[in-house]
Amino acid sequence: MGRLASLFAPDRVAVIGATDRSGSVGHAITSNLRDEFSGSVVPVNPNAGTVLGLDCYDDVQSVPGTVDVAIVVVPADIAVDAVTDCGEAGIDTVVVITAGFSEAGSEGAARERELRAVAEEYDLDLVGPNSLGVMSTAVGMNATFGPESAQPGPISFMSQSGAFITAVLDWANDRDIGFRDVVSLGNKAVLDESDFVAEWGDDPETDVILGYLEGIADGPSFIEAAREVTDDTPIVLVKSGRTEAGASAAASHTGTMAGSERAYEAGFDQAGVVRVDTVQELFDYAGILSGQPLPENDSVAVVTNAGGPGVMTTDAIGDTALSMASFTDGTLDALGEALPDGANIYNPIDVIGDADTERFAEAIDIALGDPNVGAAVVLACPTATLSFEELAAATVELQDEHGLPVAASLMGGDSTRAARAMLSEAGIPTYFDPARAVDSLDVLREYREIQACEYAAPTTFDVDRERAREILRAAADRNTNRLGVEAMDLLDAYGIPTPDGEVVDSPDAAREAAERVAGDAGEVVMKIVSPDILHKSDIGGVEVGVTPEAVRDTYEDLVARARNYQSDARVLGVQVQEQLPLDDATETIVGTNRDPQFGPLVLFGLGGIFVEVLEDTTVRVAPVSESEAASMVDDIESAPLLRGARGREPVAEDAIVETIQRLSQLVTDFPAILELDINPLVATPDGVRAVDVRLTIDKEEL
Ligand code: ADP
Ligand code: MG
């Protein structure tokens, strides 16, 4: 076990604030603890001689001998002092049940800062505050004030909501779902989800880590911690509490589209976490992940005694990444021999309604023996000839013999109860609804893929960081936090290709610049440069195909349109830019913004002026590795457009992938960059070019 061994396997637990006053938290915890705990309980309370008949001490420092864990239940105004006493007494693991911290206004937030400082000073492993407590079935410890104790089992469970724990335990106990450790995270002042993921990843008795989270304290460290454990231990999380606050304040396309929901989606994905939406899925998947082996291939055999449900199951398989197995000739022959006329030997195998257990079991046996089959669903409806219990016994035996994952759907009520218990006992999940059996098998597939995932380090490109810093500083000196095409050199410093261009501040200078940057066609693109104009095209601030003769007038026009749009708009000048041929080009977007939990994100998608209408984008937490960047191109729906749909020549995908990585490096190097859009990044068969850039910086970070 890891660092938190004493939290989950203590010999001696002190309850600071223990009391005989029934109905109080101090009383509930003390009596819960006393009930089944294999260690000893020490009540601490200066106003009581004994609590529940146990000798009580005035303060934790006067408790003789070693205390492994202190549970703090005293009122908020003395809780920090109580924790300090623990530190002084040499106790290094503390669970703060007391509420009235950061969840309770600014006074509470200040108190939480004090608490954190004390924890740091004494190097405490601290759970909470505002926690329901912790449980460990290995030592029979229920150090919570909830009404239910967990039953022993292979699941370790953390929850940011204490109430959710009491609800889940009540429900789980009804279904014989057992736990190893349970933690109510509370406000996560010190220990957070990353710590418990790491702890349980090291615990051989924890088969699956489950969590209910409302937020992630520190996205990047969570990703790091999770990646360490998902090779051995699956992590299944339900995350609630969607906030779009970040998105609504955003000034960039990326900011609008990369909301915090997408950050979580990306972060959980990159961490190798199985993310679910419902409590039902949380426990369905925990059950199968702890009870069944992983499939070696994604082909599923369905064995049923009822045609209709067999078709439903086939449909459900079609909705997942699994497929219906096609059987070998040997299997078909064997099934033909074993089953009567009228049975279906093709997948889904229908042993038909008059099947007894023997026929049903033989079909399962043959199916599981087929080399094409990776997993099976056993699907049974009640009939006069079938005994659910016998079928369950045969299924358990055959699953064990063949070593392939099996999920069962027994479509009945009370008559299936005993059979369900037998299957569950053997680790085979059973559901009424066959779609749930299929979804559970699909999660085994998902976890197998997570396990196979190799996490490569991001590439570090040779860039001119100093020049980038100077460009950002120069903007800060102009007292602006918005930069546009005048900052094109920033991209250049990080090796992102840009067309020739220059920002000029007079019609004559524009004419000269046009001569320098114009390509063979002789035409240029001209753009207004103003920190007050976010979307240049929207106000007529971009002119393409400007001939040399028209350059001067266009300069005047662009400035006039800017003034017309906003009379006091700051105009830095006009950019004269090389015009790129767009015939075989696709406009893409590469961007970044910052998520409060996960830090910098990178976004890639189909770009141009309709980017927010099309919304075909994908997001990752930065920094991204080469394979993560490549997977972003795979992700978008328009990927075929980049890869040569309708006779077009494919664009240089590797140049896109490199640009994503270089941008990822830029935003990782400069926390001052809050948001940045390269839109469009023009992609052609020859490479990419960034023709427009916009960013928001935080001057304080420079
Ligand atoms: P904004 O996004 O502020 O409206 P852009 O610089 O992105 O301004 O220009 C808008 C559109 O004009 C681009 O999506 C692209 O289609 C076209 N465009 C801009 N610059 C060039 C260029 N150098 N060569 C060819 N087309 C361009
Ligand atoms: Mg643009």
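Residues numbered from 1 in each chain as written. Chains lettered and ligands numbered in written order. Predicted model: local features only at pLDDT ≥ 70, side-chain atom pairs only at ≥ 80, totals over all residues. Heavy atoms only, no water.

With that out of the way, let us pick up the overall build of the chain. Within the chain, the regular secondary structure consists of 25 helices and 31 strands. Each principal axis of the C-alpha atoms in the chain carries an extent, and together these give about 90 × 80 × 40 Å. A burial count over the chain gives 55% of its 702 residues as buried. Contacts in the chain between residues at least 24 apart in sequence constitute 71% of all its contacts with a sequence separation of at least 6. Per element, the accessible surface of the chain, about 28600 Å² overall, is 45% carbon and sulfur. Here the chain contributes 44 positive and 124 negative side-chain charges, whose respective centroids are spaced 9 Å apart. (Helix = DSSP H or I, 4+ residues; strand = E, 2+ residues; numbered from the N terminus. Buried < 20%, exposed > 50% of the residue type's maximum accessible area, 1.4 Å probe, protein only. Contact = heavy atoms within 4.5 Å. Areas by Shrake-Rupley, 256 points an atom, 1.4 Å probe, with all protein chains shown as cover. Lys, Arg positive; Asp, Glu negative; His and termini not counted. Charge placed at Lys NZ, Arg CZ, Asp CG, Glu CD.)

As a packed pair, helix α12 (residues 307–318) and helix α17 (residues 434–452) sit with axes 9 Å apart at the nearest point and diverge in direction by 35 degrees. Crossing handedness for the pair α12 and α17: right-handed. Of α17, the residues touching α12 (which contributes Met312, Thr313, Ala316 and Ile317) are Pro434, Ala435 and Val438. (Axes fitted to C-alpha atoms, helices over the stretch in contact; angles between N-to-C directions. Left-handed = near helix turned anticlockwise from the far one by under 90°.)

Let's shift gears to the pattern of salt bridges. Taken as a whole and judged by the stated rule, the model has 32 salt bridges. Salt-bridge contacts for arginine 643 lead to glutamate 653; the nearest nitrogen and oxygen are separated by 2.8 Å. With arginine 643 in the loop between α24 (639–642) and α25 (653–669) and glutamate 653 in helix α25, this residue pair connects regions lying 10 residues apart in the sequence. By relative accessible area, arginine 643 is classed as partly exposed at 35%. Residue glutamate 653 is classed as partly exposed on the basis of its relative accessible area of 23%. By sharing partners, the salt bridges in this structure join Asp298, Asp442, Arg445, Arg448 and Glu449 into a single network. (Salt bridge = Lys/Arg side-chain N within 4 Å of Asp/Glu carboxyl O.)

On to the nonpolar core. Among the nonpolar cores identified, the biggest contains 53 residues, and Leu7, Leu33, Ile71, Phe196, Phe222 and Phe598 are the most heavily contacted of them. Ranked by size, the runner-up nonpolar core spans 46 residues in total, among them Ala150, Val274, Ile317 and Met411. (Core = buried A, V, L, I, M, F, W, Y, C linked by side-chain atoms within 4.5 Å.)

Neighbouring ligand 1 are 16 residues; Lys527, Lys536, Ser537, Glu578 and Glu587 lie closest to it. The separation between an oxygen atom of ligand 1 and a polar side-chain atom of serine 537 is 2.3 Å. Contacts to ligand 1 include glutamate 587, whose side-chain N or O atom sits 2.5 Å from an oxygen atom. When isolated, ligand 1 has an accessible area of 540 Å², and the protein chains bury 91% of it. If you map ligand 1 onto the pockets, it falls in the second largest pocket. Classifying every residue of the shell around ligand 1 gives six nonpolar, five polar and five charged. (Near = heavy atom within 4 Å. Polar contact = N/O pair within 3.5 Å; in protein donor to acceptor, adjacent residues only side chain to side chain. 1 Å grid on protein atoms, 1.4 Å probe; cavity = no way out; pocket = protein on both sides within 12 Å on 5 of 7 lines; lining within 4 Å. Sits in = over half its atoms within 2 Å of the grid points. Nonpolar A, V, L, I, M, F, W, Y, C, P; charged D, E, K, R; others polar.)

So, about the layout of surface pockets. Volume-wise, the largest pocket comes out at about 1100 Å³. If you trace the largest pocket, you find 31 residues lining it, with Arg175, Asp176, Ile177, Ser424 and Thr430 closest to the centre. Those elements that provide at least two residues to the lining of the largest pocket are β10 (152–159), α5 (162–174), α11 (279–291), α16 (417–425) and β20 (430–431). Of the residues contributing to the lining of the largest pocket, the split by class is 12 nonpolar, 10 polar and nine charged. Reported here for the second largest pocket is a volume of approximately 710 Å³. For the second largest pocket, the lining is made up of 30 residues, of which Ser537, Glu587, Ile609, Asn679 and Pro680 are closest to its centre. At the level of elements, β23 (524–529), β24 (542–546), β25 (573–578), β29 (673–684) and β31 (693–697) are the ones that each hand at least two residues to the lining of the second largest pocket. (Points joined across faces, edges and corners; volume = space filled by probe spheres on them.)

The next thing to look at is helix α20 (residues 507–517). Each turn of an α-helix holds 3.6 residues, which means side chains three or four residues apart point in the same direction. Turning to α20, its buried residues are Ala510, Ala513, Ala514 and Val517. The buried residues of α20 occupy one face: seen down the axis, they fall within an arc of 105 degrees. Looking at α20, the residues exposed on the side facing more than 90 degrees away from the buried face are Glu515 and Arg516. Buried-residue contacts for α20 involve β22 (501–504), β23, α21 (551–565) and β25. (Arc of directions from axis to C-beta.)

Looking at the secondary structure, you find leucine 603 in strand β27 (residues 599–606). Along the backbone, leucine 603 and asparagine 593 are 10 residues apart, and their C-alpha atoms lie at a distance of 8.3 Å.

What follows deals with the coordination of the magnesium ion (ligand 2). Geometry sets the ideal angles at a metal, namely 109.5 degrees for four tetrahedral donors and 90 or 180 degrees for six octahedral donors. Protein coordination at the magnesium ion (ligand 2): the donors are Asn679 (O) and Asp692 (OD), at 2.1 to 2.2 Å from the metal. Residue asparagine 679 is located in strand β29, and its partner aspartate 692 is located in the loop between β30 (687–690) and β31; the two are separated by 13 residues in the primary sequence. (Donors = N, O, S within 2.8 Å, 3.2 Å for Na, K, Ca; no water.)

Once that is clear, we can look at the sheet that holds β10. Read across the open sheet, the seven strands follow the order β9-β8-β11-β10-β12-β13-β14; overall the sheet is mixed. The open sheet has two edge strands, β9 (141–144) and β14 (274–276), and neither has a second partner. Taking each pair of neighbouring strands and ignoring which way they run, the sheet shows an average axis angle of 15 degrees. Relative to β9, strand β8 (residues 133–136) runs antiparallel, the two sharing four bridges. Opposite glycine 133, over in β9, you have threonine 144 as the bridge partner. (Pairing = 2+ DSSP bridges.)

On to a nonpolar patch on the surface. Together, Ile609, Phe610, Val613 and Leu614 make up an exposed nonpolar region whose accessible area comes to about 460 Å². Summarising the element assignment, leucine 614 is placed in helix α22 (residues 611–614). (Patch = residues over 30% accessible without salt bridge, like charges linked within 9 Å, V, L, I, M, F, W, Y side chains within 5 Å.)

Time to look at unusual backbone geometry. The linkage connecting asparagine 347 with the following residue, proline 348, adopts the cis geometry, with an omega of 0 degrees. Along the polypeptide, proline 348 turns up in the loop between α13 (329–338) and β17 (349–350). Across the junction of asparagine 679 and proline 680, the peptide omega takes the value 5 degrees, indicating a cis bond. As for its position among the elements, proline 680 is in strand β29. Phi is positive for aspartate 176, close to 60 degrees, though the residue is something other than glycine.

This next bit is on the pairing of β27. With respect to burial, β27 is a largely interior element, eight of its eight residues being buried. Sheet analysis places strand β26 (residues 586–595) next to β27, joined by eight bridges and oriented antiparallel. Bridging from a neighbouring strand, valine 590 pairs with phenylalanine 604 of β27. As consecutive antiparallel partners, β26 and β27 are separated by three residues.

Bringing the side chain of serine 159 into the picture now. With respect to the secondary-structure elements, serine 159 resides in strand β10. With a relative accessible area of 0%, serine 159 lands in the buried category. Discounting residues that sit within four places of it in the chain, serine 159 has contacts with Phe164, Ile165, Val183, Ser184, Leu185, Gly186 and Tyr212.

Another point: the environment of cysteine 56. With respect to the helices, strands and loops of the structure, cysteine 56 is situated in the loop between β4 (54–55) and β5 (69–72). Cysteine 56 gets classed as buried once you look at its relative accessible area, which sits at 13%. Separated by 244 residues in the primary sequence, cysteine 56 and valine 300 place their C-alpha atoms 61 Å from one another. Those residues in contact with cysteine 56 that sit more than four places away from it in its chain are Pro43, Val44, Asn45, Ala48, Gly49, Thr50 and Val51.

Everything listed is a geometric property; what it means functionally is a separate question.
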